[in-house]
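Here is what each chain is made of, one letter per residue.
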There are 2 protein chains.
Amino acid sequence: MQEIWSGLPDWLPLPAGKLLPAIIQDAASGMVLMLVDLNQEALELISATGRVHYYHPGRRKVVAKGEASGHFQDVMEMRLSCRGDQLILKVRPAGGACELGYQSCFFRRLGPDGWEIADPKVFDPEEVYPEIAFSH
Amino acid sequence: MQEIWSGLPDWLPLPAGKLLPAIIQDAASGMVLMLVDLNQEALELISATGRVHYYHPGRRKVVAKGEASGHFQDVMEMRLSCRGDQLILKVRPAGGACELGYQSCFFRRLGPDGWEIADPKVFDPEEVYPEIAFSH
């Protein structure tokens, strides 16, 4: 897959402090897994490793998806929006994307009685993220 | 589909000025079509009409997707992220989503030589949007 990245340097760098929203989508199933922000550092790390990295707003730094869980996401394809300010990363995930134990962060669906859990859990978050206190 | 919206009022209103990013995804194919922002007014119009409305940053107001093109998007399902601040709207589109003539705004794919057009045009934008001057 590395050859796809040779086109990236022409498009970089991003302006300092600029964040691009990136939709993370399962390349095989089409399931949308996450919506994250990328900065220059994240794009460079994606290009260097072929794996999803993103800017984590709570930790205020770039993290590798899967660095705690082992649920890395290999980037198979990258898409750019018509206005050039949004991305899709089509990925092959090594495990569930959501820290709450689901394949996708979008596991709640609007129903007649409000938001309901629509997807099955695919892992136990307390086993995978022992350092996080889960209050929900 | 209207019954799905009865759960929405419990979750609203959004704080004034708050924008939620919403991924617009084709419900049948799984193709990601657009990434837009919703505010309170857009959510109320979606709930009232069952069709995608969003905050248009250039025009600084809420617009109905398809109001110029006729390419409306009927909302079939709504998903909420784990942190409660991002949405997916799964839609049935009446035509291409991108004003440049493509089914999806994400018609550019990163290749060895940079961003390349990866999808076919599905309509002629100069016919559908005669009021827009296309310079690209």
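Bear in mind the structure is a predicted one, so any value in this text is a computation, not a measurement.

Here's the deal with the relation of the copies chain A and chain B
For the pair chain A and chain B, the relating rotation is 180°, the translation along its axis is 0.0 Å, and the fit reaches an RMSD of 0.0 Å. The two molecules are tied by a two-fold rotation axis, judged by turn and shift. Taking C-alpha positions as reference, the residue of chain A nearest the rotation axis is Gly-30 of chain A, located at 2.7 Å. Mapped onto chain B, 100% of the interface residues of chain A are again interface residues, and the two copies thus contact each other with one and the same surface.

Details of the pairing of strand β2 (residues 32-38) of chain A
Regular strands place side chains that alternate from one sheet face to the opposite one. Residues and elements named next belong to chain A. Where burial is concerned, most of β2 is hidden: 6 out of the 7 residues are buried. Bridge count for strand β1 (residues 20-26) against β2 is 6 bridges, and the pairing is antiparallel. The partner of Pro-21 across the bridge, within β2, is Asp-37. The antiparallel pairing of β1 with β2 creates a hairpin that spans 5 residues between the two strands, and Gly-30 there sits at a positive phi of about 80°.

Things to note about the pattern of salt bridges
Applying the stated criterion across every chain yields a total of 14 salt bridges over all chains. Here Arg-79 of chain B ties to Glu-77 of chain B by a salt bridge, and the two come within 2.6 Å at their closest N and O atoms. Of the two residues, Arg-79 of chain B and Glu-77 of chain B, both sit in the buried class. Three or more residues are tied together by salt bridges with common partners; here these are Glu-77, Arg-79 and Lys-90 of chain A together with Asp-119 of chain B.

Focus: the nonpolar core
One broad trend across soluble globular proteins is that nonpolar side chains are buried collectively. With 71 residues, the main nonpolar core has Ile-23, Leu-38 and Leu-89 of chain A together with Ile-23, Leu-38 and Leu-89 of chain B as its most contacted residues. Each residue touching Leu-89 of chain B, except ones within four places of it in the same chain, is listed here: Ile-23, Ile-24, Gln-25, Leu-38, Ile-46, Val-52, Val-75, Glu-77 and Met-78 of chain B.

Concerning the packing of aromatic side chains
Residue and element names in this part refer to chain A. Enumeration according to the criterion identifies 4 aromatic pairs over all chains in this entry. Pairing Tyr-102 with Phe-107 gives two aromatic rings, centres 3.8 Å apart and planes at 15°, and the pair type is stacked. Of the two residues, Tyr-102 and Phe-107, neither departs from the other in class, the shared state being buried. Taking NZ or CZ as reference, Arg-51 lies 4.1 Å from the ring centre of Phe-72, over its face.

So, the interface of chain A and chain B
Counting residues at the interface gives 40 residues for chain A, matched by 40 residues for chain B. A combined buried area of about 3,400 Å² lies between chain A and chain B, and 62% of that area is made up of carbon and sulfur atoms. A per-residue breakdown of the area chain A buries against chain B is headed by Phe-106, Leu-110 and Trp-115 of chain A, which together make up 20% of the total. Here chain A is connected to chain B by 2 salt bridges. Taken together, the connections running from chain A to chain B amount to 18 residue pairs in polar contact (both at pLDDT 80 or more). Elements with a minimum of two residues in the side of chain A that touches chain B: β1, β2, β5 (73-80), β6 (87-93), β7 (108-111) and β8 (114-117) of chain A. The residue makeup of the side of chain A that touches chain B, split by class, is 22 nonpolar, 9 polar and 9 charged. Of the strand pairs in this sheet, β5 of chain A and strand β7 (residues 108-111) of chain B are connected by 2 bridges, and their pairing is antiparallel. The partner of Arg-79 of chain A across the bridge, within β7 of chain B, is Arg-109 of chain B.

Side note on the confidence of the model for chain A
Averaged over every residue, the pLDDT of chain A is 89; the share at 70 or more is 89%. In the predicted assembly, ipTM is 0.92 and pTM is 0.92.

Calculation rules
- Residues numbered from 1 in each chain as written.
- Chains lettered and ligands numbered in written order.
- Predicted model: local features only at pLDDT ≥ 70, side-chain atom pairs only at ≥ 80, totals over all residues.
- Heavy atoms only, no water.
- Least-squares fit on C-alpha atoms with pLDDT ≥ 70 in both.
- Contact = heavy atoms within 4.5 Å.
- Buried < 20%, exposed > 50% of the residue type's maximum accessible area, 1.4 Å probe, protein only.
- Helix = DSSP H or I, 4+ residues; strand = E, 2+ residues; numbered from the N terminus.
- Pairing = 2+ DSSP bridges.
- Salt bridge = Lys/Arg side-chain N within 4 Å of Asp/Glu carboxyl O.
- Core = buried A, V, L, I, M, F, W, Y, C linked by side-chain atoms within 4.5 Å.
- Phe/Tyr/Trp six-rings, centres within 6.5 Å; stacked < 30°, edge-to-face > 60°.
- Lys NZ or Arg CZ within 6 Å of the ring centre and 35° of its normal.
- Buried area = accessible area lost by both parts, 1.4 Å probe.
- Polar contact = N/O pair within 3.5 Å; in protein donor to acceptor, adjacent residues only side chain to side chain.
- Nonpolar A, V, L, I, M, F, W, Y, C, P; charged D, E, K, R; others polar.
- pLDDT = per-residue confidence, 0-100.

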